[in-house]
Amino acid sequence: MTATAYLAVIALALTMFATGLGLRGRDLQRVAKMPGSTVLGLALQSLLMPIFVAMLAKAIVPASSEGFGLVLVALAPATVSSHVFVGLAGGNLGLARTLTLCSSFTSLIAFFSLGLDQLFPGLVQLILLAYVIPLLLGLALPLLQANLAQAMERRMMVYASALTGLTVLATLWSWFEWGHISLFFLSLTIAFCCGLFAWGAGRMLGAAKGEAIGLSLLMQNFALPLAITWVADAQKMTVAPALYAIAMYLASFVLIAVWRRFR
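Residues numbered from 1 in each chain as written. Predicted model: local features only at pLDDT ≥ 70, side-chain atom pairs only at ≥ 80, totals over all residues. Heavy atoms only, no water.

> I tried to follow helix α12 (residues 223-231) on my own but got confused; where do I start?
Since one α-helical turn is 3.6 residues long, residues separated by three or four positions face the same way. Along α12, eight of the nine residues are buried, which leaves the element largely enclosed by surrounding structure. Ala-223, Leu-224, Pro-225, Leu-226, Ala-227, Ile-228, Thr-229 and Trp-230 are the residues of α12 that are buried. Buried residues along α12 sit against α1 (3-21), α4 (65-75), α6 (93-113), α8 (123-144), α9 (146-175) and α13 (235-262). Just downstream of α12 lies Asp-233, where phi reads positive at about 60°. (Buried < 20%, exposed > 50% of the residue type's maximum accessible area, 1.4 Å probe, protein only. Helix = DSSP H or I, 4+ residues; strand = E, 2+ residues; numbered from the N terminus. Contact = heavy atoms within 4.5 Å.)

> Is there a simple way to think about the nonpolar core in this case?
Most often, soluble globular proteins have nonpolar side chains that are buried together. Leu-12, Phe-120, Ile-190 and Tyr-244 are the most contacted members of the largest nonpolar core, which has 77 residues in total. Ranked by residue count, the leading element in this core is α13, at 13 residues. Ranked by size, the runner-up nonpolar core spans eight residues in total, among them Leu-14, Leu-141, Met-156 and Ala-160. (Core = buried A, V, L, I, M, F, W, Y, C linked by side-chain atoms within 4.5 Å.)

> Is there a simple way to explain the side chain of Gln-220 in this structure?
When you line up the elements, Gln-220 lands in the loop between α11 (209-218) and α12. Of the polar contacts made by the side chain of Gln-220, one reaches the backbone oxygen of Ala-74; its length is 3.2 Å. Not counting residues within four places of it along the chain, the set of residues in contact with Gln-220 comprises Gln-45, Met-49, Val-73, Ala-74, Leu-75, Ala-76, Pro-77, Ala-78, Thr-79, Tyr-244 and Met-248. (Polar contact = N/O pair within 3.5 Å; in protein donor to acceptor, adjacent residues only side chain to side chain.)

> Help me understand the packing of helix α10 (residues 181-203) against α11, please; the structure alone is not making it clear to me.
Packed helices, taken two at a time, are described by the angle between their axes plus the distance between the axes. Across the interface, α10 lies against α11 with an axial gap of 7 Å and an inter-helix angle of 150°. Compared by their axis directions, α10 and α11 come out roughly antiparallel. Read as a crossing pair, α10 and α11 show a hand that is right-handed. Where α10 approaches α11, its residues Ala-191, Cys-194, Gly-195, Ala-198, Trp-199, Gly-202 and Arg-203 are matched on the opposing element by Lys-209, Gly-210, Glu-211, Ile-213, Gly-214, Leu-217 and Leu-218. Each residue belonging to the contact of α10 with α11 can be placed in one class, and the counts come to seven nonpolar, four polar and three charged. (Axes fitted to C-alpha atoms, helices over the stretch in contact; angles between N-to-C directions. Parallel < 35°, antiparallel > 145°, perpendicular 65-115°, else oblique. Left-handed = near helix turned anticlockwise from the far one by under 90°. Nonpolar A, V, L, I, M, F, W, Y, C, P; charged D, E, K, R; others polar.)

So, in structure tokens, the structure goes:
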């Protein structure tokens, strides 16, 4: 593997460890309190978004590996960094945490049910070592050493964000071409459409749920597809997750500003 591939793997492991540190058992218990919102969020995350992205990519960039890179992004779970944006938007933070916890596991079902382990060499080992084990360690540490976990949580999030950002920059430095501008605008379109649709659907279930579901949907854990494509040496697919990372933050800031006007 290249140096950037190792960087991507470490960034994913830190991201999942930080995700685990930021979640609690009560986040799973909240499913019983908000079953409709949780089911809606997971259905959008696991079914509708991947289908929508796959259809859009096939229509706009047919027979393109770059388009499949966006499908990998759509299959990724919600990211813990979305909690910050949900808070800024005045959304239901508890619902966002529940969706992050649940989607972190349900997304694995989608990856392996689609047989992606046959397409990407080393996927099983990557998921186990850099995804599942760090996530479980992060979930377990607050139960064993609550004070230590609380002290580490913010620091781990900063480290994970920094390394993931470096992976994005290294990816764009290595593989970005001006022809990828259209892929960036496609990423923006996906982020805006998914965020707005989920916001509208969530608003029907109660105040602040639209913001939580919308941001949880559009802010994907792009560290996962970045690591998958770098480890598999799938250069053409690697650019899409890096571009979506930029697009999702831009879309989030714009949508938060818009949503505040409608409150």
